[in-house]
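Analysis of the macromolecular model
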Amino acid sequence: MAPKFPPSRCPCGQCRANKGSWKRTGSGCDVRDTMTSTTIGRLGVRLAIAAILTCRCTKQTGHRCKQVFAVSLLSSFTKSPMFLLLRACRLSQGIASLSTLHLHSHYCRPALNFTIMPASRYPKRKPSANGAPSTNGTLNGTKGFIKPEPDQPPPEKKRKTVLAEPPSEPSLSSDPLREPHPFHQDAEKHGIVLRKYYPHEMSTARARAYNNNELPRPIELLKAAQADTAEHRANTPVAGAVVHWFKMDLRTTDNTALFCASQKAQAAGVPLIALYILSPQDFEAHLTAPVRVDFMLRTLEILKKDLAALDIPLWVETVKKRKEIPSRIVELMSEWGASHLFANMEYEVDELRRDAKMARLLAKRGLVMDVLHDTCIVPPGRLTSGSGGQYAVYTPWFRTWVRHVHENLDLLELVESPTKNPESTRQKLAHIFECPIPSAPENKTLSKEDRERFRALWPAGEHEAMKRLSKFADQAIGKYQQNRNTPSNPGTSSLSVHFASGTLSARTAVRTARGRNNTKKLDGGNEGIQTWISEVAWRDFYKHVLVQWPYICMNKPFKPEYANIEWSYNMEHFDAWKEGRTGFPIVDAAMRQLRFMGWVHNRCRMIVASFLCKDLLLDWRMGEKYFMEHLVDGDFASNNGGWGFSASVGVDPQPYFRIFNPLLQSEKFDPDGEYIRKWVPELKEVKGKAIHDPYGRGAAALAIKAGYPKHIVEHKGARERTLAAYKKGIDSGL
Ligand SMILES: Cc1cc2nc3c(=O)[nH]c(=O)nc-3n(C[C@H](O)[C@H](O)[C@H](O)COP(=O)(O)OP(=O)(O)OC[C@H]3O[C@@H](n4cnc5c(N)ncnc54)[C@H](O)[C@@H]3O)c2cc1C
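Residues numbered from 1 in each chain as written. Predicted model: local features only at pLDDT ≥ 70, side-chain atom pairs only at ≥ 80, totals over all residues. Heavy atoms only, no water.

**Re the nonpolar core**
Inclusion rule: Residues enter a nonpolar core if they are buried and are Ala, Val, Leu, Ile, Met, Phe, Trp, Tyr or Cys, with the set joined through side-chain atoms within 4.5 Å. For every residue, the accessible area obtained with a 1.4 Å probe (protein chains only) is divided by the maximum for its type, and the residue is called buried under 20%, exposed over 50%, and partly exposed between those limits. Put simply, DSSP H or I for four residues or longer makes a helix, DSSP E for two residues or longer makes a strand, and each gets a number counted from the N terminus. Here a residue-residue contact requires only that any non-hydrogen atoms of the pair lie within 4.5 Å.
Counting 179 residues, the largest nonpolar core has Trp 245, Tyr 276, Trp 401, Trp 532 and Trp 577 as the members making the most contacts within it. With 10 residues, the top contributor of residues to this core is helix α19 (residues 527-548). When near neighbours in sequence (up to four residues on either side) are disregarded, Trp 401 contacts Ile 377, Val 378, Leu 383, Leu 522, Ile 533, Ala 537 and Asp 540.

**As for the pairing of strand β10 (residues 338-344)**
Looking along a regular strand, one sees side chains alternate from face to face of the sheet. For clarity, the threshold we go by: The rule for pairing is simple: two strands pair if DSSP sees at least two bridges between them.
Burial runs high along β10: seven of the seven residues are buried. Where strand β7 (residues 241-246) meets β10, five bridges bridge the pair, whose relative direction is parallel. Within β10, the residue paired with Trp 245 across the bridge is Ala 343. Note: β10 against strand β11 (residues 368-372), five bridges, orientation parallel. Along β11, the bridge assignment pairs Asn 344 with Leu 372.

**What to know about the packing of helix α4 (residues 218-228) against helix α10 (residues 349-364)**
Formally: As a rule, the C-alpha atoms of each element are fitted with a line to give its axis, helices using only the stretch in contact, and angles between N-to-C directions run from 0 to 180 degrees. Any angle that is under 35 degrees is reported as roughly parallel, and any over 145 degrees as roughly antiparallel; angles of 65 to 115 degrees are reported as roughly perpendicular and all others as oblique. By the definition used in this description, the sense in which the near helix is turned from the far one sets the handedness, with an anticlockwise turn below a right angle giving left-handed and a clockwise turn giving right-handed.
The N-to-C vectors of α4 and α10 enclose an angle of 15 degrees; their axes lie 8 Å apart at closest approach. With respect to each other, α4 and α10 are oriented roughly parallel. The two elements α4 and α10 meet at a crossing, and its hand is left-handed. Mapping the contact onto sequence places Pro 218, Ile 219, Leu 221, Leu 222, Ala 224, Ala 225 and Asp 228 in α4 and Val 349, Leu 352, Arg 353, Asp 355, Ala 356, Ala 359 and Arg 360 in α10.

**Observations regarding the UniProt feature "domain: Photolyase/cryptochrome alpha/beta" (unreviewed entry) in the protein**
To keep it simple, the criterion reads: UniProt positions are given in the numbering used here, feature names are shortened, and annotations may be inferred rather than shown by experiment.
Residues annotated in UniProt with the feature "domain: Photolyase/cryptochrome alpha/beta" (unreviewed entry) correspond here to residues 240-377. Between the C-alpha atoms that bound residues 240-377 the distance is 33 Å, and the span itself is 48% helix and 22% strand.

**Observations concerning the environment of Tyr 656**
Following the sequence through the fold, Tyr 656 ends up in the loop between α24 (636-646) and α25 (662-669). The buried category is assigned to Tyr 656, whose relative accessible area is 18%. Linking Tyr 656 and Leu 723, residues 67 residues apart in sequence, is a C-alpha distance of 7.5 Å. Contact partners of Tyr 656, with chain neighbours within four places excluded, come to Tyr 562, Lys 614, Ser 648, Leu 723, Tyr 726, Lys 727 and Ile 730.

**Observations regarding the site of the ligand**
Quick note on the threshold: Think of it this way: one heavy atom of a residue within 4 Å of a molecule or strand is enough to make that residue near it. Residues adjacent in sequence count toward polar contacts only when both atoms are side-chain atoms; beyond that, a polar contact is any pair of N or O atoms within 3.5 Å, and within protein one must be able to donate a hydrogen and the other to accept it. Per-residue accessibility takes into account occlusion by the displayed protein chains alone, with areas from the Shrake-Rupley method and a 1.4 Å probe.
The immediate surroundings of the ligand are formed by 28 residues, with Tyr 480, Thr 492, Ser 493, Ser 494 and Asn 602 found nearest. At 2.6 Å from an oxygen atom of the ligand is found a side-chain nitrogen or oxygen belonging to Ser 493. When the free accessible area of the ligand is taken as 810 Å², the share hidden by the protein chains comes to 96%. When residues of the shell around the ligand are traced back to their parent elements, those giving at least two are α17 (496-501), α19, α22 (602-615) and α24.

**A few points about unusual backbone geometry**
Even without glycine at this site, Asp 311 takes up a positive phi of about 60 degrees. Along the chain, the position of Asp 311 falls in the loop between α8 (290-308) and β9 (314-318). Taking relative accessible area as the criterion, Asp 311 reaches 7% and is therefore assigned buried. At Lys 520, a residue that is not glycine, the phi angle is positive and equals roughly 60 degrees. Residue position: Lys 520 is located in the loop between α18 (506-515) and α19.

**Concerning the packing of helix α21 (residues 585-597) against helix α23 (residues 620-630)**
Packed helices, taken two at a time, are described by the angle their axes make and the gap between the axes. At a closest axis distance of 9 Å, the pairing of α21 and α23 adopts a crossing angle of 35 degrees. Contact residues: α21 offers Met 591, Leu 594 and Arg 595, while α23 offers Tyr 626, Phe 627 and His 630.

**A look at the sheet that holds strand β8 (residues 272-278)**
Sheet strands associate in pairs through backbone hydrogen bonding, adopting either a parallel or an antiparallel arrangement. Judged by pairing direction, the sheet is parallel, and its five strands sit side by side in the order β9-β8-β7-β10-β11 without closing on themselves. A single partner strand is all that each edge strand has here, and the edge strands are β9 and β11. On average, each strand axis in the sheet is tilted by 25 degrees relative to the strand beside it, whichever way the strands run. As defined by bridge partners, β8 adjoins β9 across five bridges and the pair is classed as parallel. Across the sheet, Tyr 276 pairs through a bridge with Val 316, a residue of β9. Along the sheet face, α10 touches β7, β10 and β11 and points at about 150 degrees away from the line of β11.

**Observations concerning the environment of Ala 576**
Checked against the element boundaries, Ala 576 lands in helix α20 (residues 571-579). Given a relative accessible area of 3%, Ala 576 falls into the buried group. Put simply, Ala 576 and Pro 709 are 133 residues apart on the chain and 9.8 Å apart in space, counted from C-alpha to C-alpha. Here Ala 576 is in contact with Arg 581, Thr 582 and Ile 712, once residues within four sequence places are set aside.

**Details of the environment of Glu 442**
Looking at where Glu 442 falls in the secondary structure, it is placed in the loop between α13 (430-433) and α14 (448-457). Taking the C-alpha atoms as reference points, Glu 442 and Pro 280, 162 residues apart in sequence, are found 9.0 Å from one another.

**A few points about helix α3 (residues 204-211)**
Among all positions in α3, only Thr 204, Arg 206, Ala 207, Ala 209 and Tyr 210 are buried. After α3 finishes, the residue Asn 213 shows a positive phi value of roughly 65 degrees.

**Comments concerning the pairing of β8**
Where burial is concerned, most of β8 is hidden: seven out of the seven residues are buried. Residues Leu 272, Ala 274, Tyr 276 and Leu 278 of β8 are buried on one face, and the alternating residues Ile 273, Leu 275 and Ile 277, pointing to the opposite face, are buried as well. Pairing of β7 with β8, which is carried by five bridges, proceeds in the parallel orientation. By the bridge assignment for β8, Val 243 is matched with Ile 273.

**A look at the packing of aromatic side chains**
Filter applied, for reference: Two aromatic rings from Phe, Tyr or Trp, using only the six-membered ring of Trp, form a pair when their centres are within 6.5 Å; if the ring planes differ by under 30 degrees the pair is stacked, by over 60 it is edge-to-face, and anything between is tilted. Our definition puts a charge over a ring when NZ of Lys or CZ of Arg is within 6 Å of the ring centre and also within 35 degrees of the ring normal.
Summed over all chains, the structure comprises 29 aromatic pairs. Ring geometry for Tyr 394 against Trp 538: centres 3.9 Å apart, planes inclined by 5 degrees, an arrangement best described as stacked. Of the two residues, Tyr 394 sits in helix α11 (residues 394-407) while Trp 538 sits in helix α19, which places them 144 residues apart along the sequence. You can call Tyr 394 buried: its relative accessible area is 7%. Taking the centre distance of 5.7 Å and the plane angle of 80 degrees together, the rings of Trp 538 and Phe 541 count as edge-to-face. With a gap of three residues between them, Trp 538 and Phe 541 both fall in helix α19, about one helical turn apart. Every member of this aromatic cluster is reached through a ring pair, and the members are Tyr 394, Trp 397, Phe 398, Trp 401, Trp 538, Phe 541 and Tyr 542. One cation-aromatic arrangement involves Arg 426 over Phe 433; the distance from NZ or CZ to the ring centre is 4.5 Å. Positioned above the aromatic ring of Phe 454 is the side chain of Arg 453, whose terminal nitrogen or guanidinium carbon lies 4.8 Å from the ring centre.

Shown next, in the form of structure tokens:
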């Protein structure tokens, strides 16, 4: 959709001040400047106006962006809209944070969205007498490129100026995009950036370069690879077998790529082979919790049996070095005589880049790789705000999500299970059927005690997921709205482990929930059902965000200016938080639940996350990492989203000055102290309201006797310190 000029709301899509119209003054969005330009060209006089619209939303997100709208007034002779664009670019020189340029003219509707280089990368201009850059320079060589439409490949050629990922050591180059962030050593020292696998923490400028479309997003790399190999994929005949590569989609039902692979195999009369690659380096680099690895391996045992019942063999292999995964898959495919590989898309950076490389590698070897959307109900990139960008605020995104699904009900159609292989497969591929499921890598192996406990808590596999879903839909979903915020009451579904491992698809879950609602609407009827569906939608939302702002997957906050907060890195406090010894019973209960179950109630995740960064002023990324290392449902996008919300650094976050008071949270969400007594048993004898604060409310003797610690920080003072640190960090402009 072409944005109107002047737009009725901030076109950045990230600004929440979208209700009123643009104003000249105030803290919302305002038109700051208007510039005109005339020129005499071969065909007559042309006039362009470039209005720099500065959007500033201090209230909710603190987000700032600048956009230039170029409007052609006298365009009747203007044959080339590009001319106006370049003209406007020249006018806008010096605007380093320019994000999008919208071009309007008679010849150009709807408006084209161009991204232009920041001023630092414009061709050098002759300085004027007073030292200011001249406005008379030529724009030849200024490269803008059309922002690709969601499902289209980016124009590869124009990406040639794009920089590669930062080198592994800090570069001495003068390119600011290659410089590490000034605080990068803190991040390394505290294990936030794993230097074994990743470069230094990137600069804020580099994060902004992703925002400004100067660096290719990983999804664009994959789309480009898919576009470049499209013809080859369409024309390559099926050879001896088709392979489905299982990743985080460990189920046979409602699995898009598995179904497509099966169809392909069946049409060609060849067997379907299933593959799973166990990658210890990926587990390490992605901080996968041992409990999660154990859950996946147990699921693989079940999957193997289910597939075998369809005469489909499952090959599971450990590949020690993750960079060797693509070549190993190629080897296996040639061993099996397979020509086609199918997989569902994973949206994290490493995975998208790997799949982009693989798609090309396979094509070079005459093989075919198809990577399909499956994990979200609405594929990332489909939903755009009024200005054509990705939403960074949940509520308007959710409204669009609901509308989109209602208009495209096929998104809730379940995919069929794979068909049986030809009977001869058993004999022909006997060695694959015999492949054992490997054990967990040593650094991800559970102790015997933990293994037994987790196995009882989290039965694995898709049948268990379906059982849990049906039970929840029959018995609890109707009351979800009332019960979801009470950690002592199992009013939530506990299905996150299944979503995270792909033993349950979001489609199946939402379709089942919708089926129990008499309106068949996602946003109508029973409140419990509506609310639950909107929670499952959060999962989609965070994946959409990850795809659009990939630097959040590289240890940067969504709001780059929040990278400059000086955290305390007090390791004694961090240990107390991890071990549930902070003296704040609700925080301690939650942290002990996490260690015992590998899962915590959502309300408690928010309380402990807020406590870590706002009471202890610890780097939120340490908490994010610790969660990943312990959660059975650890999912990068949701975890990062939850931490971003709580630490006020993410999309649609708590404003930084809103700081949970752990005592009030405790009183509100665990009024009788039932949850605390369960997880902090040494406080079992404490009566009444004293359970929330034994030392402050007359139960000190009992707490001392039980060995329960005093508060490690005083909330009021900690709050002041945090407000000051956030403000200083945001204002530092680093
Ligand atoms: C700091 C923090 C970290 C988190 N880390 C993770 C994580 O690693 N993995 C994860 O799946 N969820 C995470 N969440 C979201 C949420 O806490 C869990 O999804 C939820 O507690 C799982 O319990 P449930 O299955 O009973 O959820 P229900 O309340 O039954 O919700 C149903 C499903 O909706 C999705 N969902 C619900 N709330 C959210 C949310 N806020 N964000 C994204 N998806 C949601 C989950 O898939 C969940 O299983 C995190 C939240 C916070 C605040």
